[in-house]
Amino acid sequence: MQDVKDTSDPRASNKPGGEQQQQQAGGPPQPPQPNPGPSRQQALPYGIVGAGLKEVTRRVPEDEPPPLPENAKLKSIGKPVSRLDGIEKVTGKARYTFDVQLPGMLWAKWVASPHPHARIKSIDTSAAERYPGVRAIHIPERILSTAQLRDPKAEQGNRYPTVRYAGQPVAAVAADTPRAAEAAVKLIKVEYEPLPHVSQLEEAMKENAPRVFPGPTEQPATAGGGGAPPGLPQKGNVRGPDNKPRGMGPRGDVNKGLSESEVVIEAEYRTQVQTHVPMEPHGLVADWKDDGLTLYASTQFVTSVREDAAELFDLPKSKVRVISDFTGGGFGAKYGIGNYGLLAIHLSRKAGAPVRMILDRREEHVSGGNRPNSIQRLKLGAKRDGSLVALQVQAYGTGGVAGGAGVGFCHSTLYECPNVLVEQYDVFTNAGPCAAFRAPGQVQGIFALEQTIDELAERLKMDPLALRGKLDVSGTDDCLARAQERKVGAERAGWNKRRPAGSDKGPIKRGLGFAQSQWLYLVQPSTACEVRVSGDGSVEAFSSTQDIGTGTRTILAQVVAEEFGLRAEDIGSHIGDSRYPMGPASGGSRVTSSLTPAARNAAYRCARELAARLAPVFKANAENIVFADGKVMVKGKAGSAMPFREAVKKAGFEEISQRAERRDDYEGYLFKTPDMALSRHGIGGVQFAEVAVDTETGIVKVERVVAVHDCGRPINPKLTESQIYGGVIQGVSYALYEERHLDAASGQQLNANVDQYKILGSRETPRIEVILLEQLGAQSSTDARGVAEPANVATAAAVANAFYNATGKRIRTLPMTPANVLAALRG
Amino acid sequence: MERLRFFLNDKPVEETGLSPTTTLLRYLRDRVHLTGTKEGCAEGDCGACTVAVLEHDSQGAPALRAVNSCLVLLPMVQGKRVYTVEALKEGGKYHVVQEMLARELGSQCGYCTPGIAMAMLEACHRRDMDEPWKLDAQMCGNLCRCTGYRPIREAANQVAGLRPQDRFARALAEARPEPMALAYEAGAQRFFTPGSMDALWDVLDKHPDARFVMGGTDLSLEVTKRYAEPPLLVSLEALPELHVLEPRGGGHRLGATVWLTDLEDYARVACPPLERMLRYFGSRQIKNRATVGGNLCTASPIGDMAPVLLSLGAEAVLRSRAGERRVPLEDFFQGYRRTALGRGEVLAYVDVPAQPEGARALAYKVSKRRELDISAVSAGFRVVVDGEGKVTEARLAYGGMAATPARARRTEAALVGQPWTEATVEAALARLDEDFKPLSDHRGSAWYRAQVAKNLLRGFFHETLSTPVPRLAEGHSATVQVR
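Everything numeric in this text was worked out from a predicted model, so none of it was measured. (Residues numbered from 1 in each chain as written. Chains lettered and ligands numbered in written order. Predicted model: local features only at pLDDT ≥ 70, side-chain atom pairs only at ≥ 80, totals over all residues. Heavy atoms only, no water.)

**Points about the sheet that holds strand 9 (residues 232-235) of chain B**
All names here are of chain B.
Right, on to step 1. With mixed pairing, four strands are arranged side by side in an open sheet as 6-7-9-8. Single-partner strands in this sheet number two, and they are strand 6 (182-186) and strand 8 (211-213). Neighbour-to-neighbour, the strand axes of the sheet open up by a mean angle of 20°, direction not taken into account.
Right, on to step 2. Here strand 7 (residues 189-193) runs beside strand 9; their pairing, made up of three bridges, is parallel. Each bridged residue has a counterpart across the sheet, and for Phe-192 the counterpart in strand 9 is Val-234. (Pairing = 2+ DSSP bridges. Helix = DSSP H or I, 4+ residues; strand = E, 2+ residues; numbered from the N terminus. Axes fitted to C-alpha atoms, helices over the stretch in contact; angles between N-to-C directions.)

**A closer look at the domain arrangement of chain B**
How big an interface is tends to be expressed through the accessible area that disappears when the partners come together.
Right, on to step 1. Domain boundaries in chain B define domain 1 (4-174), domain 2 (240-352) and domain 3 (359-463).
Right, on to step 2. Using C-alpha coordinates to define each centre, domain 1 of chain B is positioned 39 Å away from domain 3 of chain B. (Domains from an automatic or database assignment.)

**Digging into the environment of Lys-631 of chain A**
Right, on to step 1. Mapped onto the secondary structure, Lys-631 of chain A falls in strand 27 (residues 631-634).
Right, on to step 2. Each C-alpha atom, one on Lys-631 of chain A and one on Phe-98 of chain A, is 42 Å from the other, the two residues being 533 residues apart in sequence.

**A look at the pairing of strand 11 (residues 238-242) of chain A**
Residues and elements named next belong to chain A.
Right, on to step 1. The element strand 11 is largely enclosed, with a buried count of four among its five residues.
Right, on to step 2. Pairing analysis gives two bridges linking strand 10 (residues 234-235) to strand 11, with the strands arranged antiparallel. Among the inter-strand pairings, Gln-234 is bridged to a residue of strand 11, identified as Arg-239.
Right, on to step 3. From the end of strand 10 to the start of strand 11, which pair antiparallel, there are two residues, and Gly-236 there has a positive phi angle of about 60°.
Right, on to step 4. Sheet topology note: the strand 11/strand 21 (residues 419-427) ladder contains three bridges and is antiparallel. Within the sheet, the bridge partner assigned to Arg-239 lies in strand 21 and is Asp-426. (Buried < 20%, exposed > 50% of the residue type's maximum accessible area, 1.4 Å probe, protein only.)

**Overview of the UniProt feature "domain: FAD-binding PCMH-type" (unreviewed entry) in chain B**
Right, on to step 1. Listed under "domain: FAD-binding PCMH-type" (unreviewed entry) in the UniProt record, and renumbered for this structure, are residues 184-357 of chain B.
Right, on to step 2. The span residues 184-357 of chain B carries 34% helix and 28% strand; its end-to-end C-alpha distance comes to 51 Å. (UniProt positions renumbered as here; feature names shortened; annotations may be inferred.)

**Considering the packing of helix 3 (residues 113-125) of chain B against helix 5 (residues 149-159) of chain B**
All names here are of chain B.
Right, on to step 1. It is at 8 Å that the axes of helix 3 and helix 5 come closest, and there the two elements cross at 30°. In terms of axis orientation, helix 3 runs roughly parallel to helix 5. Helix 5 is crossed by helix 3, and the crossing has right-handed handedness. Along the contact surface, helix 3 presents Ile-116, Met-120, Ala-123 and Cys-124, while helix 5 presents Ile-152, Ala-155, Ala-156 and Val-159.
Right, on to step 2. Partitioned by chemical class, the residues of the contact of helix 3 with helix 5 number eight nonpolar, no polar and no charged. (Parallel < 35°, antiparallel > 145°, perpendicular 65-115°, else oblique. Left-handed = near helix turned anticlockwise from the far one by under 90°. Contact = heavy atoms within 4.5 Å. Nonpolar A, V, L, I, M, F, W, Y, C, P; charged D, E, K, R; others polar.)

Given below as structure tokens:
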């Protein structure tokens, strides 16, 4: 065991994993001791800065840099540095995949099935082939992004893939111009044999419902947290139950617990299907040449695009290069090559020219991914003193033709409760596939759980915040953070002025609500980074990771700059190319937690090597060479200071370079695979929402949100705040507006646009006040964690609790449209 | 054959052979490779494709207008000056709009940023950015999915009304934008912009099936979404006769081709109920291209302009070579997306009569988002109350309740002759269920529509108790700090 002085034994805790899970067959294996190899005992700062920072001693690999102090003592890390690529973005120079225009590039368009479920009898492409400008046509032999039959023989004798959702690609054309491609797809004649379909969740659960798949299925995971656990039973369209979401739970005996409860709260909650709506749709430009394939991808994970392409086209990875300069948002849905990429590569190979295949807004809504809906039944048992005894959840949701519906892991990890049973089911429907979406499952689950906890508080006449203080799972970084977050948040939000539910007399009713948020602290162990110093004093950092808007280039530069005493602007920050050392996926809040320690380690080693080269120049020992404020000097001798570039030039070398990996967390993980490690600690926050409900029209306004969050050490508070604003706003948008509408008769989406699929605009944005904790967990060389998911998780729940405080009525259905609101007020 | 001619970032451009339904966005990106302007939705709802066009306002003065380039067809910018994000940086110097956006971290993924910069550019050169709500209205047409709205709005607030001495200021000072007549064809498609009424009648004589277009905010969707290639479009933009906006006989004459931005400015003082609906109507970019005529002639049951104009007793004035005829607006709508327009006839004006003494009037729109959203229910109400407090006339017009925008005749009848009290309103509301049998769709169930329709009238009663014709009282939104 590692030497942890003041944190409890992980196995004593209810947090992710725990004893039960490790004992279960098929559960993740017990992780090996972290960081084998030479090590040292190292004292590290631990706790929340400004609220009692302590020291812990942990076993740290010998070659890790010394621990960083709190941000106030640093020069680059923790500073609100402006986005390094901000100017490229405001000038229109930033090149997204959508903007890639290669010489001779062709434009591709696909034929989408109008039927939600059909066998394809024949496809006649002859007229399209003759259309002027058409250069290649391809009919896909397989469909990606959906669940796959466990036994492919369950469906045989079909020449073409079965159509399982309206909008599924059937064939694709590449032509000289977009107009030619659009005209040519209209000329492709497809003969369909329509099959019975089902597009509504509850219909699909019925025993006699049309089958979406003829047999049991599997849904592989994505790095963003999508996918479904393997090997679950499937009956008809219903697959499950999954009773240990992300490896957590079940525990105890829930029936016994319920029978011993003094208070039982029971309710049903419903959430809607939400689509990702990245401003840049999914897309890829493929350039197939004899000597290799180059892909320009709008992606959250360069590595996954290369892996897919190499596997599906049987190419060595060395022949596949993926470039992603800028990605216009992803939110969990942009992994792998997708059907658009598969088709683009085939078309490029056939035409011998680069092919651009980018979805239009309708295709994006229909086939680009979505957050599954849910019907959740919760039963919560408690003692009169508020302690929980049992929590039972049954949840159904549909991710269309993909698995991955669920309501998260919050039931096992947020609150102490000895008996927990979550049974969640995937229900297949003839609708576009779901994909990971900014805290998959957790957003839906917390919406219901946090309302239930509020109901319990009310029933017991306890303050909702005090109750949560009593219930928080203990012995983790989360518990420390949550207590502090409630304290500072309540003060800022004016919690003590909160009135009893339904206090307003007029038609406009106002209220204040609260909810807690939690997400996983994930690390991608395969992360590496290279740092180079050139003879002219240039410093560059390289990682294949990509920036989907979070500011990856900037934080990479900040971390490297710190070691060289430079400014972030001085660092060449190179990402988005599969030729660089492997970088993490931009998903699950793992870029900052994975990349920054690797980058610091590389920069530290490189700086030490540089110091050794500079030692003769300064006639000093290497260990006495320091880099600060853009200068090099001998420790304690200010007079020796020389500008960085000047000093490096004097050292007389061409280039030095160091590569370093992300080491294991010093305390180890709950479990670890080559591409993902999970800590027993999490990340999270609390949110307070103020709402105004117009009881005449049903229009809800969120007027103010106070969001208090922790993310380990914030590398750049301004970028972190940006993400929290974004998470809150996306949460408000989910709570109030967003909903995919499928027509039951045709299986077509009725609002596959941004005209009728509403997302929050600037006017509806509430006043958002962000308070950011700096919490040091003594886990890595930067102690940084991500923040994307938690900011989105608690919002809808906080708004719903505020709705109750305003009106005295519970709203258990999302979104809170005027119609749903009037219905809830009537009920 | 005429060529397409316009100025792109101050450089003259001439084109032939391009389809007249080529959108400005596609032209910019695919033809001249200015890829700074993005496409997000291709239907005017996200603002990623925003560019600036030097236009003339209703008084004929030059004005820089942010428009959605995805909805603009190339012939619509004939003779005009078009600016894209690439024009912002001048002489190696970043524009203040760019500096502020970068400084405030107004980008996350950055894909929406160029469009936001161009919407900010209009704000930067507007002379009337004197109230915070105008910044809300200016920026509401740009979606950001990473949702950096707060920093975006802070940046916009910094630049609004600055009017720096940049290339745009010079163009505004020098250029005299006038819509130009055009007869353009390419392949099987034609686009006419007649320069006189006689020229219009000639075109219509030859092509009675021609479709009219102004800003293209509705029609262009057929091109971008259904890949339609309409063979013949006739723009009414170069007809000064239709571009009028003036008081008339105590009321107002609203030219069919007046941009809604200009109408909104005019209505602020002249006609508060109309202004309120225009504030709800849509984004700045849309209002910079949409017209009264276009909105009424689509005859959509949920067109936002119809209920308020119906309630104010407006008349449609139709013109043809034969002359002019007047049609009460309620008779103009003949069915779902059908109007009273005959062959060879155009909607020339909408005449809003003087409002009677004792009139109480207001307009409402219920939707999820306030602007850039389709109404579940919209309404325009005018009730005339005499000196004794009795209702002498009631015009209650609704959108979203039937196949056309329509008046609630039975409810109106139940009000007339009664004292204007809450009890009268409650009693009359029982009749609303006889007036309308609304449909259920994804914007609202029949029950919801019926309920809200009633609640709107209840709200109208209370809102007009002390002020008969209230202005839209509006603070700034939470994300704007008042400078």
